[in-house]
Amino acid sequence: MSTELDVFLFGIMTYAIIMNLGVSLYGVFRRPSITKKIIALTIFSDSANVLAIIVGYRGWPNPWHSPIPPILLNRHPTPQYISEFAKVAVDPLPQALVLTAVVIGLAVTVFLVFLALQLYRLYGTVDVRKVRRLRG
Amino acid sequence: MLSMETLTYGILALLGVISLLGTYLAIIEKDLVKAVIFSALQSTAYAFIFYILMAPDIVLVYVPVAVGLYPAIVLFLIKKTGRLDGDEP
C-alpha cells in the first residue's frame, strides 16, 4: 500500500538513527572526557533500541488505519480473533527485548558513573589523556 | 491527497532529524551541562518515535529512565567532577 514518498520518509528516519549510531560512536572513541563518553554511550544504546523497534514495525493495513500495539483486548480470544489481530498488530518480541535492554542500560550507566567517580577520586581528573599520562 | 500514513511517516522523519541534531549538538558541545540537555532532547524525540511505532509500554519505561534518571545521574557526576569537556592540555 505504501507509496514511494512513504518509503522515502521512513528511510529518512531509519538513516537518521543509523547516523546517530555513528555520531555517538565518534563520541565514545574520540571525546576525551569520561562524562562525555558516558553520555555518548547512552545515546548509542538508545539508538540500537530504536533500530530494534523499527525491525518489529509493520506496514499499515490501509492508509487510514495504523497498526495497533500488541495488546489483546479480548479475555477469551477465539482463533479467528487472533488471526484478525495478527493482521494489524506490530511484533511484540522486539518490544520485550528493548524493555529489558532499557532497564539493563540504566544499571550499566549507574555502574559507569560509579567507576568515573572512583577514577576522579584516584587521579583528580576524568580526562583520559591526563589519566594515561599519570599512569606509571 | 496526503493520507494519514504519509503524515505519520513525515512526523517520524522529522523526529529522526531532531534526534540527529540533538545527538550532534550533545557530542560537539564543550559544556557538559548543555550536552546533557541536548541528550535529553534527543531522548524526547526517541520517546515520540517509540510511541508512533506502537510501543506504548516502552514509552512508559523510557520516559522516566532516559528523560529523568539519565540526566539526573550524569548531572550528579558533572557536579562532582567538573563541568568542561577537557580541552585544556
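Residues numbered from 1 in each chain as written. Chains lettered and ligands numbered in written order. Predicted model: local features only at pLDDT ≥ 70, side-chain atom pairs only at ≥ 80, totals over all residues.

Turning our attention to the overall build of chain B. Of the regular secondary structure elements, chain B holds three helices and zero strands. Sequence-ordered secondary structure for chain B, helices as α and strands as β, is α-α-α. For 89 residues, the compact-globule estimate of 2.2 N^0.38 gives 12 Å, and chain B exceeds it by more than 25% at 16 Å. The dimensions of chain B, computed from C-alpha atoms along their principal axes, are 55 × 25 × 10 Å. Across the 89 residues in chain B, those meeting the buried criterion constitute 38%. (Helix = DSSP H or I, 4+ residues; strand = E, 2+ residues; numbered from the N terminus. Rg over C-alpha atoms; globule rule 2.2 N^0.38 Å. Buried ≥ 20, exposed ≤ 12 C-beta atoms within 10 Å, placed from the backbone.)

All right, on to helix 2 (residues 32-52) of chain B then. Spanning 21 residues, helix 2 of chain B covers 30 Å between terminal C-alpha atoms, matching the ideal 30 Å at 1.5 Å per step. Tucked inside the fold, the buried residues of helix 2 of chain B contact helix 2 (34-56) of chain A together with helix 1 (4-28) and helix 3 (56-81) of chain B. At the exit of helix 2 of chain B stands Met54(B), carrying a positive phi of roughly 65°. (Expected span 1.5 Å × (residues − 1). Contact = placed C-beta atoms within 7 Å.)

On to the packing of helix 1 (residues 4-30) of chain A against helix 1 of chain B, then. Where helix 1 of chain A contacts helix 1 of chain B, the two axes come as close as 8 Å, and the packing angle between them is 15°. As summarised for this structure, helix 1 of chain A and helix 1 of chain B are arranged roughly parallel, according to the angle between their axes. Two packed elements cross with a definite hand, and for helix 1 of chain A against helix 1 of chain B that hand is left-handed. Of the residues assigned to the contact of helix 1 of chain A with helix 1 of chain B, the class counts are 18 nonpolar, eight polar and two charged. (Axes fitted to C-alpha atoms, helices over the stretch in contact; angles between N-to-C directions. Parallel < 35°, antiparallel > 145°, perpendicular 65-115°, else oblique. Left-handed = near helix turned anticlockwise from the far one by under 90°. Nonpolar A, V, L, I, M, F, W, Y, C, P; charged D, E, K, R; others polar.)

Contacts between the two partners involve 52 residues from chain A, matched on the other side by 47 residues from chain B. Counting only elements with at least two residues in the side of chain A that touches chain B, the list comes to helix 1, helix 2 and helix 4 (92-123) of chain A. Here the side of chain A that touches chain B takes 14 residues from helix 1 of chain A, the largest share from any one element. For the side of chain A that touches chain B, the per-class residue count stands at 37 nonpolar, 10 polar and five charged.

Residues other than glycine seldom take positive phi values, yet Met54(B) does so here, at roughly 65°. Turning to its location among the elements, Met54(B) is positioned in the loop between helix 2 and helix 3.

Turning to the nonpolar core, a few remarks are in order. With 41 residues, the main nonpolar core has Ile39(A), Leu12(B), Ile49(B), Phe50(B) and Val74(B) as its most contacted residues. For this core, the secondary-structure elements that each account for two or more residues are helix 1, helix 2 and helix 4 of chain A together with helix 1, helix 2 and helix 3 of chain B. Setting aside its immediate chain neighbours within four residues, Leu12(B) contacts Leu9(A), Phe10(A), Met13(A), Ile49(B) and Ile52(B). (Core = buried A, V, L, I, M, F, W, Y, C linked by C-beta atoms within 7 Å.)

Per-residue pLDDT for chain B averages 91, and the proportion of residues at 70 or more is 96%. Within chain B, helix 3 of chain B has the poorest average pLDDT of any element, 93, and helix 2 of chain B the best, 95. (pLDDT = per-residue confidence, 0-100.)

Glancing now at the environment of Ser19(B). Structurally, Ser19(B) is set in helix 1. The exposure class assigned to Ser19(B) is buried, which follows from the 27 C-beta atoms found within 10 Å. Separated by 59 residues in the primary sequence, Ser19(B) and Ile78(B) have C-alpha atoms spaced 23 Å apart. Apart from residues no more than four positions distant in its own chain, Ser19(B) is found in contact with Ala16(A), Asn20(A), Gln42(B), Ala45(B) and Tyr46(B).

Within the secondary structure, Ile43(A) is located in helix 2. It is 26 Å that separates the C-alpha atoms of Ile43(A) and Arg121(A), two residues lying 78 residues apart in sequence.

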